[in-house]
Amino acid sequence: MSATDCEQRGTGWGILEDLPGDPMIWVLIFSELAVFGLFLGAFIVTHAIHPAMFASGQASLDSGLAGLNTIVLVTSGWAAARGTAAARTGSKRASRRWLLSAMALGGLFIALKLVEYAGEIGRGIGLETSTFFTLYFLLTGFHFLHVGLGIMILAVVCRRAEPAGVETGTAFWHMVDLVWIVMFPILYLVW
Amino acid sequence: MPDRLDITWIALIGLALATLLIPPLLPRPLLGNALLLAFAAVKGRRIVLDFLDLRMAPALWRGLVSAWIVIVLLFAWLASAAVAVI
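Residues numbered from 1 in each chain as written. Chains lettered and ligands numbered in written order. Predicted model: local features only at pLDDT ≥ 70, side-chain atom pairs only at ≥ 80, totals over all residues.

## Topic: helix H3 (residues 59-85) of chain B
Then step 1. For H3(B), with 27 residues, the first-to-last C-alpha span of 37 Å sits near the 39 Å given by 1.5 Å per residue.
Then step 2. If you check which residues of H3(B) are buried, you get Val65(B), Trp68(B), Ile69(B), Val72(B), Leu73(B), Ala76(B), Trp77(B), Ala79(B), Ser80(B) and Val83(B). (Helix = DSSP H or I, 4+ residues; strand = E, 2+ residues; numbered from the N terminus. Expected span 1.5 Å × (residues − 1). Buried ≥ 20, exposed ≤ 12 C-beta atoms within 10 Å, placed from the backbone.)

The structure is reproduced here in structure tokens:
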């Protein structure tokens, strides 16, 4: 097969071309899922080795506030999905409105998470309190950074509101949402 | 008239609220944890199919992301079950 044949069949990304958005974002998404999966695996194994320490650590967390943040983040994901649907129909104004809502809710997630961190720090809890809290702060902190990065990506694609760009930005945002959905019960609730 | 995105959002909110009710209502580790993690799997699957929009994507990609969800959550349940039994 010649190079010209390849070009005529697609952009050279092979089966990644069948995914919504830019194929490069999917390379990033699969890499991120692998990293978060390993992190969560380490947390689960350490939990099994030190169940009493982890039970005590979980009891110090505010699962109600984290649960509220789950509702905030899935609502943000819904707004982002609506923004994608609007961009696909060519309605840029509606797409921008939905994406701005998604970003605002992402900002609310960050604010609530900061309130949660402030409460924990106020109770004398820190990175070195126990292995539970070291892993808790690393995992939630890493996710927190991804929420911030996701908001920046949404802000970039919101400007032009082109379907391909919006699909790319929201794919990353939904990955951040998905990771939280899996992370929340493992960190806060499973005993 | 709610469409698929709205229904998924309502389902996610309902499951998120139900998740918070499990620990006080069902304080038995094996069953309670199984339910918590099953709810997370259902929420994750809905996000993959409807928000990430992989419903019409090749089965390979849908399967890979779904497998990530199942492997992580199943591992968490097996570890918690091992602790509860031992």
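Having seen the model, we can carry on.
## Regarding the UniProt feature "transmembrane region" (unreviewed entry) in chain B
Then step 1. Mapped onto this numbering, the UniProt entry annotates "transmembrane region" (unreviewed entry) at residues 64-85 of chain B.
Then step 2. Secondary structure content for residues 64-85 of chain B is 100% helix and 0% strand, and the end C-alpha separation is 31 Å. (UniProt positions renumbered as here; feature names shortened; annotations may be inferred.)

## Considerations on the interface of chain B and chain A
Then step 1. Taken together, the 35 residues of chain B in the interface contact 36 residues of chain A.
Then step 2. Ranked by residues supplied to the side of chain B that touches chain A, first place goes to H3(B) with 12 residues.
Then step 3. In the side of chain B that touches chain A, the residues fall into 28 nonpolar, four polar and three charged. (Contact = placed C-beta atoms within 7 Å. Nonpolar A, V, L, I, M, F, W, Y, C, P; charged D, E, K, R; others polar.)

## A look at the nonpolar core
Then step 1. Core analysis: the biggest nonpolar cluster contains 76 residues, and Ala102(A), Leu154(A), Val182(A), Ile186(A), Leu73(B) and Ala76(B) have the highest contact counts within it.
Then step 2. Elements represented by at least two residues in this core include exactly helix H2 (23-49), helix H4 (63-88), helix H5 (92-122), helix H6 (131-160) and helix H7 (163-189) of chain A together with helix H1 (4-25), helix H2 (29-51) and H3 of chain B.
Then step 3. If one sorts the elements of this core by residue count, H7(A) sits on top with 17 residues.
Then step 4. If sequence neighbours within four positions are ignored, Val182(A) has contacts with Ala40(B), Gly44(B), Ile69(B), Val72(B) and Leu73(B). (Core = buried A, V, L, I, M, F, W, Y, C linked by C-beta atoms within 7 Å.)

## Things to note about the UniProt feature "transmembrane region" (unreviewed entry) in chain A
Residues and elements named next belong to chain A.
Then step 1. The sites that carry the UniProt feature "transmembrane region" (unreviewed entry) are, in the present numbering, residues 24-45, 98-115, 135-158 and 170-190.
Then step 2. Annotated as residues 24-45, this span is 100% helix and 0% strand, and its ends, taken at the C-alpha atoms, are 32 Å apart.
Then step 3. Within the segment residues 135-158, helix and strand shares are 100% and 0% respectively, and the terminal C-alpha atoms sit 34 Å apart.

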